[in-house]
Each structure stands twice: as structure tokens, then as C-alpha cells.
Amino acid sequence: MKVYIIGAGPGDPDLITIKGARLVETCPIVLYTGSLVPQRVIERAAPTATVLDSSKMTLEDIISILEEAKKKDQNVARVHTGDPSIFGSTAEQMRKMDELGIPYEIVPGVSSFTAAAAMLGKELTLPEVSQSVVITRAEGRTPMPEKEKLETFASTGATLVFFLSVLHIRKIVEELIPYYGGNCPVSVVQKATWPEQKIVTGTLETIVHQVKEEKITATAIIFVGKVLDCHDFADSRLYASDFSHKFRKANKKQIARKTNESLS
């Protein structure tokens with residue numbers, strides 16, 4: 001018996017991994033996060049499978065189902081949205097399973113933040129612009145650790161990605177403007193890859209009004225950073241003709257040409 005903690009992806013049912021889909025199809029028990037996992041993912045379950053929605057369950061309810069499955073030696077597909085490693089509420093379940101000797105395996109999925117970046121058509125790391133991505137959230141009912149305050153991250157100038165924070169977007173803007181400036185690009189993607197997906201792009205000065213106009217109040221990723229509207233960035237060295245690596249030697253003529261150009 002094993003519990004498979006499966007990342008179902010951001011919303012598009014085709015973005016679940018092949019392994020994750022196979023486990024949903026074959027496990028006799030499918031326990032899924034009903035508030036966010038697409039129904040078409042769950043429709044993969046076998047007609048004989050027991051399919052349970054955990055959206056109204058407590059942690060104790062969930063663990064009780066897993067304990068019963070262990071007694072019956074039945075595998076469980078524990079299906080979460082996105083990727084289980086980021087804001088997935090999976091650690092508390094794994095801690096309980098460790099205590100009870102219930103074996104489990106994590107099957108990664110496409111995170112909503114990478115899906116949202118794809119919908120924007122953006123790379124979040126650009127040479128000499130931003131080489132770091134900070135994934136965080138605004139402080140709400142769940143307090144932030146003392147050393148993870150927003151101003152600490154903002155002081156780096158890195159690309160910022162906010163989960164679970166759109167209701168606090170005014171506070172985010174107020175804290176970021178002193179570091180990024182009012183004209184810094186911002187994008188908000190609600191329900192990335194779902195049919196009802198919304199994308200709002202603006203700046204720190206305009207985004208609060210735009211989000212309010214679009215009535216975005218939940219299930220959204222916020223991106224802040226220069227990479228969102230930057231076209232004058234350096235090419236990576238990976239494909240440069242004068243750059244050698246394990247799989248390709250540099251073009252000597254190109255090296256000589258670039259050397260002459262720098263000297264002239």
C-alpha cells in the first residue's frame with residue numbers, strides 16, 4: 001500500500017504528468033482537492049474506484065481515510081493542485097503519515113506560477129536583469145517568519161512571485177514602490193490555463209485599480225519585476241558562438257572578430 005501525493009497541475013487537465021495520470025487511473029482510492037483540481041483529471045479514475053472530495057474535510061478526516069486504506073492494503077491517489085512542494089498543505093499530511101507508518105511518494109506537477117508565466121509568454125530570469133525568483137506570499141492570517149518580510153526580498157530587486165495574496169495587493173504595492181518604483185511592471189494571472197483565465201498587466205501604480213476592475217479576488221498569481229517588460233537584455237552565453245561548453249567548441253573566428261571589435 002502506498003499514498004501517492006500527486007500534483008495535478010494548474011488547471012489544464014492535459015498538464016498532469018503521465019505518471020500522475022496513470023496513478024489516478026489505477027488507484028482504487030482517489031482523494032482529491034475538490035476546490036481546485038479540474039473534474040476532467042478526476043474523471044480518469046476507474047469506475048470501480050472510491051472517489052472522495054477533501055475540500056470539506058479536516059486533516060483528521062483525511063488521515064482516517066488513509067489509515068483505513070492501509071488496513072485494506074489499497075493504494076491512494078492523493079491529488080493536489082499545481083505542484084505539492086509549493087503552498088500545498090502536504091507537509092502536515094506527510095508528518096502524520098510518518099507517525100503512522102503509512103508509506104507515501106510525491107509525484108511532482110506543473111506549478112501554477114510556471115503555468116502563469118507560460119501564459120504571459122515570459123522567462124522570469126533574464127541575463128543581467130534578474131537571475132533570481134522569489135516565491136512568497138503577503139502576510140495575512142498566516143504570519144510570515146520575521147526574516148521573510150517583504151522589504152527584505154524587495155531590496156534584492158529580484159523577480160517576485162506572490163501566491164495567495166491578491167486580496168492584499170494594495171499593501172504589496174505600498175511596500176514595493178520604494179524599492180521597484182511606481183512604473184515597475186506587474187502582471188496578475190487568475191486561474192492560469194483554465195477556460196476562465198484572466199490576465200491583467202500594468203505597473204505598481206495601476207495594478208490595484210486594474211485588479212479591482214476585473215474583480216479578481218482569489219486563485220491568482222502576482223508577478224513583479226523588470227523581466228515582465230524588458231526587451232533590451234543580454235543574450236545568454238549558452239548559445240553564443242564564442243562560448244565553449246561540453247557539447248560545443250567556440251568559433252575561433254567569432255572570438256577574433258569580437259576581440260577586434262572591443263579593441264577598435
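- In the annotation of an unreviewed UniProt entry, the entry for the protein reads Precorrin-4 C(11)-methyltransferase, and the organism field reads Leptospira haakeii.
- According to UniProt, the comment filed for the protein under the heading Pathway (unreviewed entry) is "Cofactor biosynthesis; adenosylcobalamin biosynthesis."
- Quoted verbatim from the Sequence similarities (unreviewed entry) field of the UniProt record, the comment on the protein reads "Belongs to the precorrin methyltransferase family."

## Considerations on the environment of G157
Turning to step 1, where the next piece is worked out: Considering the arrangement of structural elements, one finds G157 in the loop between helix 6 (150-154) and strand 7 (159-163).
Turning to step 2, where the next piece is worked out: For G157, a relative accessible area of 39% puts it in the partly exposed group.
Turning to step 3, where the next piece is worked out: Once the C-alpha coordinates of G157 and V133 are considered, the two residues, 24 residues apart in sequence, prove to be 9.7 Å apart.

## What to know about the sheet that holds strand 7
Turning to step 1, where the next piece is worked out: An order of 6-7-10-8-9 is seen for the 5 strands of this open sheet, with the pairing classed as mixed. In this open sheet, the two edge strands, each paired with only one partner strand, are strand 6 (133-137) and strand 9 (198-203). Put simply, the sheet's adjacent strands are angled 20 degrees from each other on average, direction ignored.
Turning to step 2, where the next piece is worked out: Relative to strand 10 (residues 220-224), strand 7 is paired through 3 bridges, and the arrangement is antiparallel. Looking at the pairing, F162 lines up with I222 of strand 10.

## Focus on the environment of F223
Turning to step 1, where the next piece is worked out: Assignment of secondary structure puts F223 in strand 10.
Turning to step 2, where the next piece is worked out: Measuring from C-alpha to C-alpha, the distance between F223 and V189 comes to 8.4 Å, with 34 residues separating the pair along the chain.
Turning to step 3, where the next piece is worked out: For F223, the residues in contact, after removing those within four places along its chain, are F113, A116, A117, L120, L124, L160, V161, P185, V186, S187, V189 and L228.

## So, helix 5 (residues 112-120)
Turning to step 1, where the next piece is worked out: Of all the residues in helix 5, the buried ones are F113, A115, A116, A117 and L120.
Turning to step 2, where the next piece is worked out: Looking at the packing, one finds that the buried side of helix 5 touches strand 6, strand 7, strand 8 (185-190), strand 9 and strand 10.
Turning to step 3, where the next piece is worked out: Note on helix 5: the residue one or two positions beyond its end, G121, has a positive phi of about 70 degrees.

## Comments concerning the packing of helix 3 (residues 59-71) against helix 4 (residues 91-100)
Turning to step 1, where the next piece is worked out: Where helix 3 meets helix 4, the closest approach of the two axes is 11 Å, and the angle between their N-to-C directions is 40 degrees. Taken together, the axes of helix 3 and helix 4 are oblique relative to one another. Crossing handedness for the pair helix 3 and helix 4: right-handed. Contact residues: L59, I62, I63, L66, E67 and K70 in helix 3; E92, Q93, K96, M97 and L100 in helix 4.
Turning to step 2, where the next piece is worked out: Tallied by class, residues from the contact of helix 3 with helix 4 come to 6 nonpolar, 1 polar and 4 charged.

## Looking at helix 7 (residues 169-180)
Turning to step 1, where the next piece is worked out: Restricting attention to buried positions, one finds in helix 7 the residues I169, I172, V173, L176 and Y180. In an axial view of helix 7, the angular spread of the buried residues amounts to 95 degrees, which keeps them on one side of the axis. Among the exposed residues of helix 7, those pointing more than 90 degrees away from its buried face are R170, E174 and P178.
Turning to step 2, where the next piece is worked out: Elements in contact with the buried residues of helix 7: helix 6, strand 7, strand 8, helix 8 (207-213) and strand 10.

## Details of the nonpolar core
Turning to step 1, where the next piece is worked out: One finds L160, L176, V188, I207, I222 and V224 to be the most contacted residues of the largest nonpolar core, which totals 26 residues.
Turning to step 2, where the next piece is worked out: At the level of secondary structure, the elements contributing two or more residues to this core comprise helix 6, strand 7, helix 7, strand 8, helix 8 and strand 10.
Turning to step 3, where the next piece is worked out: Of all the elements, helix 7 adds the most residues to this core, at 5 residues.
Turning to step 4, where the next piece is worked out: Those residues in contact with L176, other than ones at most four positions away along the chain, are L150, A154, L160, F162, G181, L204 and V224.
Turning to step 5, where the next piece is worked out: Residues Y4, V24, I42 and V79 belong to the second largest nonpolar core, which totals 18 residues.

What counts as what
- Note that residues are indexed from 1 along each chain, following the sequence as it is written.
- Totals for whole chains, interfaces and linings use every residue, but because this is a predicted model, local features are given only for residues with pLDDT of at least 70 and side-chain atom pairs only at 80 or more, for both listing and counting.
- Processing note: side-chain calculations cover all non-hydrogen atoms of the structure and skip hydrogens and water entirely.
- UniProt positions are given in the numbering used here, feature names are shortened, and annotations may be inferred rather than shown by experiment.
- Counting from the N terminus, the helices are DSSP H or I runs at least four residues long and the strands are E runs at least two residues long.
- Note on exposure labels: buried denotes an accessible area under 20% of the residue type's maximum, exposed denotes more than 50%, and partly exposed covers the range between, all computed with a 1.4 Å probe on protein chains only.
- Two strands form a pair only when DSSP identifies at least two bridges running between them.
- Geometry is summarised by axes, namely lines fitted to C-alpha atoms with helices restricted to the contacting stretch, and by angles between N-to-C directions that run from 0 to 180 degrees.
- The contact definition used throughout considers only heavy atoms, calling two residues in contact when any of these lie within 4.5 Å.
- Reported orientations rely on four angle classes, namely roughly parallel under 35 degrees, roughly antiparallel over 145, roughly perpendicular from 65 to 115, and oblique for the rest.
- Should the near helix be turned counterclockwise from the far one by less than a right angle, the crossing is left-handed, whereas a clockwise turn marks it as right-handed.
- We call Asp, Glu, Lys and Arg charged. Ala, Val, Leu, Ile, Met, Phe, Trp, Tyr, Cys and Pro are nonpolar, and the rest, Gly among them, are polar.
- The directions from the helix axis to the C-beta atoms are what the arc is built from.
- Among buried residues, those of type Ala, Val, Leu, Ile, Met, Phe, Trp, Tyr and Cys that are joined through side-chain atoms within 4.5 Å constitute a nonpolar core.

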